[in-house]
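# Summary of the model geometry
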Amino acid sequence: MYLTEEQLSIYKSQGFILLSEYFSRTEVEMMKAELSALSTENSPNKILEKDGKTIRSLHGSHSNNDVFNCLTRHPFIVEPAMQIVGNQVYIYQFKVNLKAAFTGDIWKWHQDYIYWRKEDGMPRPQVVNAMCLLDDMNEFNGPLFVIPGSHKEEMIDITADNPRVKNTNTNSSGDNPAWVSSFSANLKYSLSQELVVDLVSKYGITLIKAVAGSVLFFDSNIVHASSNNISPFGRSTVIITYNSIENIPLPVQNPRPDFLVSKDYRPVTPLAPNALSQFSRIKL
């Protein structure tokens, strides 16, 4: 399912496009059912909030979970991703962000590409994020805030704010590895308040409000953030990052683990449109 020319134009202009109710409630419930089992696993791919017990994110789950593997190859997501980057794509990163009711913490203002450039050696921002909402996202449960058009500023080069963070991961001792600061509430390359003020003055600000099953495609250089969730409504999302097969990261001194940055550069082959509903019959 490819984007229309109008949708592509919107994406290029504002840096994102929201496709409402892309997946059915049945398909969403299938995916949500997988989160319970994944959340109980004691694995380094699990990031916790500052309280040391609330799950903030899960990484690389598509590599060992049939449902999420199927989602990453769904034509509703893969075909627009190829269209946006202008080439075949591979799965660069997969994560589930879980903004828990009452305890889900903030994501500071940031761009994504700066992490991939500085931490992973990605040559160009020829990459796209696809966010699939597993819960309704509204003004109460820590929605995503974006600065439309801010991707036109390209990568805003800033100095790392916190190369290491205090340990909150029950699966390690002492300090967390350095890469955890790319996913904690104290983000490594967060933007200053002054920069955000300037960008909002120039481009404005909006929040993403949509029902479960909707998909948001957004540019790797768009400036975005989300507030903490003090509501009784949880807000979980799956974010799949697709990179062009012609944009393979260059070698870096301290590469991040494979569950964060995939080194499987094989192009994604889209499945049939009804694949997610019939995942149990698919041989992965």
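Residues numbered from 1 in each chain as written. Predicted model: local features only at pLDDT ≥ 70, side-chain atom pairs only at ≥ 80, totals over all residues. Heavy atoms only, no water.

### Some details on the sheet that holds strand 10 (residues 224–226)
Overall, antiparallel pairing links the 4 strands, which are arranged 5-10-7-8 in an open sheet. One side of each edge strand has no neighbouring strand; the edge strands of this open sheet are strand 5 (107–110) and strand 8 (206–207). Alignment of strand 5 against strand 10, held across 2 bridges, turns out to be antiparallel. When the sheet's bridge partners are listed, W107 is paired in strand 10 with S226. (Pairing = 2+ DSSP bridges. Helix = DSSP H or I, 4+ residues; strand = E, 2+ residues; numbered from the N terminus.)

### Things to note about the nonpolar core
Grouped together as the largest cluster of nonpolar side chains are 42 residues, with contacts concentrated most on L71, F217, V238 and Y242. The element contributing the most residues to this core is helix 4 (residues 75–85), with 6 residues. Every residue in contact with L71, bar those within four places of it in the chain, is listed here: F23, M31, I77, V238, I240, Y242 and L276. (Core = buried A, V, L, I, M, F, W, Y, C linked by side-chain atoms within 4.5 Å. Buried < 20%, exposed > 50% of the residue type's maximum accessible area, 1.4 Å probe, protein only. Contact = heavy atoms within 4.5 Å.)

### Some points on the confidence of the model for the chain
Considering every residue of the chain, the mean pLDDT works out to 89; 88% of them sit at 70 or more. Between residues 162–174, whose pLDDT stays under 50, and residues either more than four places distant or in other chains, the model counts 40 contacts. (pLDDT = per-residue confidence, 0-100.)

### Overview of helix 5 (residues 113–120)
Note on helix geometry: an α-helix contains 3.6 residues per turn, so any two residues three or four positions apart are oriented the same way. Summarising burial for helix 5: 6 of the 8 residues are buried, a large majority. Taken as a whole, helix 5 has its buried residues at Y113, I114, Y115, W116, E119 and D120. Looking at the buried residues of helix 5, the elements they touch are strand 4 (89–99), strand 5, strand 6 (127–133) and strand 11 (235–244). Looking one or two residues beyond helix 5, the residue adopting positive phi is G121, at roughly 80°.

### Let's talk about the pairing of strand 6
The buried fraction of strand 6 is high, at 7 of 7 residues. Side chains V127, N129, M131 and L133 of strand 6 all project onto a buried face; the interleaved residues V128, A130 and C132 project onto the opposite face, where all are buried too. Pairing between strand 6 and strand 11: 7 bridges, direction antiparallel. Bridged to N129 within strand 11 is T241. Sheet topology places strand 6 next to strand 9 (residues 215–219); 5 bridges connect them, and they run antiparallel. Note that in strand 9 the partner of M131 across the bridge is L216.

### Some words on unusual backbone geometry
Even without a glycine there, the phi angle at F102 is positive, about 70°. What makes F102 exposed here is its relative accessible area of 56%. Positive phi outside glycine occurs at E154, with the angle close to 60°. Here E154 is to be found in the loop between strand 7 (144–146) and helix 6 (193–203).

### Topic: the sheet that holds strand 6
Read from one edge of the open sheet, 7 strands run 1-9-6-11-4-3-2, paired in antiparallel fashion. Each having just a single partner strand, strand 1 (16–19) and strand 2 (46–48) make up the two edges of the open sheet. Averaged over neighbouring strand pairs, the angle between their axes works out to 15° when direction is ignored. Contacting strand 4, strand 6, strand 9 and strand 11, helix 4 crosses the sheet at an angle of about 45° to strand 11. (Axes fitted to C-alpha atoms, helices over the stretch in contact; angles between N-to-C directions.)

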